[in-house]
Amino acid sequence: MADLQIRKEITEFQTKAQSDKDEEEIEEEGANELENPALTGSLSAQYDGCNPYLYSQFSLHTKEEKINQIILLQDVIHSVKLAFNKEFESVFKQKEQEINRVKDKNQRLQEIMTELDLKEKLWEPELCDNEKPERALTVNDSEIKVEKYLTPEQKRKAEELAKIEEQRRLAAKGDNARERALDDMMGGVLEVKKEDILKMEIPQPEFTSKPEAQWLEDEKKQFKEYEKKVKELNEEREKYRKTLEAEMKKLQTSIKDSTQVFDETLSRLFERKVKSEMVIYQEELKIANLVFSIVIEEELVNRETELNHLLDKTRKMKHASAEELKNCKVQVDAFRETYDNIVAEDKLLDRGFRKEFFDVPTSMVDQLYKLYKRRPRVQRMRTQIDTVGPADQPGSVQATRDALFPLMKAMGELDDPQSMPEGLDPSIWQRFCLSRRTKVESEQMVKQKALTLAEMQAFLQKRTEEDEKHKRDIEKIIDDLNGLREEKMRFQLDLIVQFLLKQGSVEVDGSNFIADYSDALLLHRGAVEDLNGTIRTLGEQKIASMVESKDFRKGIIQQEWEHMRMRMQMEDLNNKARDIQMLKVSRELQVYLNETDHESCSAKQMSVLEQTLAAQKKNHKKNVKNAKRIIKGLERQITHKDKENDSLDKELQELLVTVSEKRHVYGAIAVEDNTAINTEKRYQDIIERRKLVDLARTQAQNVATLKAEVERLRMKTFPALVQIGH
């Protein structure tokens, strides 16, 4: 409680310091801020849920304050519900009144529709079972579809009552002259209603059954009066019908208007219900947060109590272990001194061996010293077993005896006189065996003490580790306790505050059903607006820079395009100039250039071309006809030639046979003649080739001369255009 009071004073001091800085603002707007829904976390004050005893959300530090706040918030919820229920009751009463009014108007509408002979279904509003839940316990006669069962006694009583009622009615309808006169003269009523008069029918005169030509003057006048009355009655009926229709429309409009007004009231009530539920949920959320904080605070308190209890328990264990460790150290130090004394005595026995046998020769002393150091094999095995794991407690006499007995038994074999060196006196041997047994017992005692000391040191080390463990546990518990207290202080100072923010002011990603505000920050609106202004300024600067860069790039692209266009124009102009230079001005071109009337010239050329085309068609037909005739003649010649070829083929076969025979005959004779003929033929070919080369050279010179002459004549005939280089 003292820590809590100190923390509360720290918080109040910080709040006071902050309030001193903003004293002027608090004086002007203090009351408004206290009632600001954004700080209270709910809109309950707007829905009759105001409670002046509510704590501020920023001052709920203790558990008692939170519990009181929960009770006050529950009272606020109850007040909001009562206010809504009160308004609901008023609207419910208004609905009942409206239903009664509509029923009254529907009754009048039913009468009007009956008079107008209209058959329309009227809307009859009724309360449902949800609005009147007590009707579920009431049974109407209309809901019973089965005929009611009557006992014979009930039937007899009902018949008697019906007879009595019938007798009373007949007695009342006895001979009453006044009622009979009223029925005869006024139809049973003293006042005739307008609608009854309009239902009356004017009887036709009796003479209307006769032909109109037989009517008298009085009868004609009566008939005119009859027609006049019928006309007036019809006019009255029409006026009355229109009056009823107007009244019916007025009633229908009134029902519609009243229904719309009530629907609007009901819509407002529904909106009030939704907002009331919203306010209730807001208050319930505050209650849930307070309950959660109380539970967390209780858990922290329980954890702190548990840690304090554990700390006390650990400290007691640490104190006990420290006392035990101190006692163990004293015992170990005392036992170590005893062990050192035994070791020193054992070493003295080893050193005093030669002094003890000073009367024995040196060679014999060396031999006895070797036997003095000799130990039985069982002793070594027993020593190994004892070293591995002694089962007895340190300092136990029984354990020492158990370990020494087999060793002394084995020493009996070594003390046998047969093992005595030659030339040694038996008395000296007995003295030697006694000294060796004393040495063995001393060594065994040293080993036992060493094992005991090792176990005591192990036990001391274990107690030291336990003491260190208790110390570490105490430090860890103290650290946990300090951390828990810091967390408790932070939890009591870091309050859960509920705010109401307008839509758009929360920029946390709400993709999930429940947004995560664990890493959210609550910033002042001015900071966000300043940051947005800076972002907007930088954005405008960036856009301006991008537009400038875009325009500059656009200018570069436009210049490149212009440069490319001009280059292509230059190339096109160069091509045109080259074409003009290389153009051969023929006679037709000269004529075309000198001609002024190109249309007439074109017409003349067209006519000439048409005539030429017609002549060519005519000539073509003639040529085709001649070609066909020639083809027929050629076909005949081909047939004739085929026949001649066949005959020549036959003659050729015969001639080939003859030539072959003659070739074999003249083959041998013509070899020498052929050599001379071939030489002469080769010589003639060389002469002919030489002549042809000379002729080709002469013709080439003539062609070059003719080309030069042609170029000269061309230059004389056509103008020369010099090509301009760019």
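Treat the numbers as computed from the prediction; the structure is a model and nothing was measured.

## A short note on the overall build of the protein
Next, step 1: Check the secondary structure of the protein and you find 17 helices and zero strands.
Next, step 2: Counting across all 726 residues of the protein, residues that qualify as buried make up 19%.
Next, step 3: Across the protein, contacts joining residues at least 24 apart in sequence account for 78% of those joining residues at least 6 apart.
Next, step 4: A total accessible area of about 58200 Å² is found for the protein, and carbon and sulfur atoms account for 55% of it.

## Some points on the packing of aromatic side chains
Next, step 1: This model, assessed by the stated rule, comprises three aromatic pairs.
Next, step 2: When the centroid spacing of 6.4 Å and the interplanar angle of 20° are considered together, the rings of Phe88 and Phe92 count as stacked. Note that Phe88 and Phe92 are positioned in helix H4 (residues 63-115) at a spacing of four residues, about one turn of the helix.
Next, step 3: Accessibility expressed as a relative area gives 15% for Phe92, which makes it buried.
Next, step 4: On the basis of an interplanar angle of 40° and a centroid distance of 6.1 Å, the ring pair of Phe223 and Tyr226 is categorised as tilted. Taken together, the residues Phe223 and Tyr226, both in helix H8 (residues 217-351) and three residues apart, mark about one turn of the helix.

## A closer look at the pattern of salt bridges
Next, step 1: Considering all chains together, one arrives at 27 salt bridges under this definition.
Next, step 2: Its salt-bridge partner being Glu98, residue Arg101 comes within 2.9 Å of it at the nearest N-O pair. With Arg101 and Glu98 both in helix H4 and three residues apart, the pair spans about one turn of that helix.
Next, step 3: Taking relative accessible area as the criterion, Arg101 reaches 40% and is therefore assigned partly exposed.
Next, step 4: Residue class for Glu98 comes out buried when judged on its relative accessible area of 17%.
Next, step 5: Note that Glu277 and Lys273 form a salt bridge whose closest N and O atoms lie 2.7 Å from each other. Within this pair, Glu277 and its partner Lys273 are both found in helix H8, separated by four residues, close to a single helical turn.
Next, step 6: In this structure, a network of salt bridges that share partners links the residues Asp48, Glu87 and Arg272.

## Structural notes on the confidence of the model for the protein
The predicted coordinates of low-pLDDT regions are not to be read in fine detail.
Next, step 1: Summing up the model confidence of the protein, the mean pLDDT is 78 and the portion of residues at 70 or higher is 78%.
Next, step 2: The secondary structure element of the protein with the lowest average pLDDT is helix H11 (residues 377-388), at 42, and the one with the highest is helix H14 (residues 525-582), at 91.
Next, step 3: Segment residues 720-726: pLDDT under 50, and eight contacts once partners within four positions in sequence are set aside and those in other chains are kept.

## Here's the deal with the side chain of Gln282
Next, step 1: Note on placement: Gln282 falls in helix H8.
Next, step 2: Every residue in contact with Gln282, bar those within four places of it in the chain, is listed here: Gly41, Ser42, Leu43, Gln498 and Leu500.

## Focus on the nonpolar core
In summary, soluble globular proteins display a tendency toward joint burial of nonpolar side chains.
Next, step 1: The biggest cluster of nonpolar side chains holds 13 residues, and the ones touching the most others in it are Ile70, Val80, Val279, Ile287 and Leu290.
Next, step 2: Breaking this core down by element, the ones donating at least two residues are H4 and H8.
Next, step 3: Those residues within four positions of Leu290 in sequence are excluded, and the remaining contacts are Leu60, Lys66, Gln69, Ile70 and Leu73.

## Here's the deal with the side chain of Lys66
Next, step 1: Mapped onto the fold, Lys66 is located in helix H4.
Next, step 2: Apart from residues lying up to four places away in sequence, Lys66 is in contact with Leu60, His61, Leu290, Ser293, Ile294, Glu297 and Phe491.

Scoring rules and cut-offs
For every chain, the first residue of the written sequence is number 1, and numbering continues from 1 along that sequence. Side-chain atom pairs in this predicted model are given and counted only at pLDDT of 80 or more, local residue features only at pLDDT of at least 70, and totals for whole chains, interfaces and linings cover all residues. For the side-chain quantities, the full set of heavy atoms in the structure was used; hydrogens and water were omitted. Put simply, DSSP marks the helices as runs of H or I at least four residues long and the strands as runs of E at least two long, and each gets a number from the N terminus on. Classification of residues uses two cut-offs on accessible area relative to the type maximum, computed with a 1.4 Å probe and protein chains only: under 20% is buried, over 50% is exposed, and between them is partly exposed. Should any heavy atoms of two residues lie within 4.5 Å, those residues are counted as being in contact. Computed by Shrake-Rupley with a 1.4 Å probe, the accessible areas treat only the displayed protein chains as cover when residues are assessed. Stacked, tilted and edge-to-face pairs are distinguished by plane angle, under 30 degrees for stacked and over 60 for edge-to-face with tilted covering the rest, among Phe, Tyr and Trp rings (Trp via its six-membered ring) whose centres lie within 6.5 Å. When a carboxyl oxygen of Asp or Glu lies within 4 Å of a side-chain nitrogen of Lys or Arg, that pair is called a salt bridge. Residue-level confidence of the predictor is what pLDDT reports, using numbers from 0 through 100. Definition used in this section: a nonpolar core is a set of buried Ala, Val, Leu, Ile, Met, Phe, Trp, Tyr and Cys residues joined via side-chain atoms within 4.5 Å.

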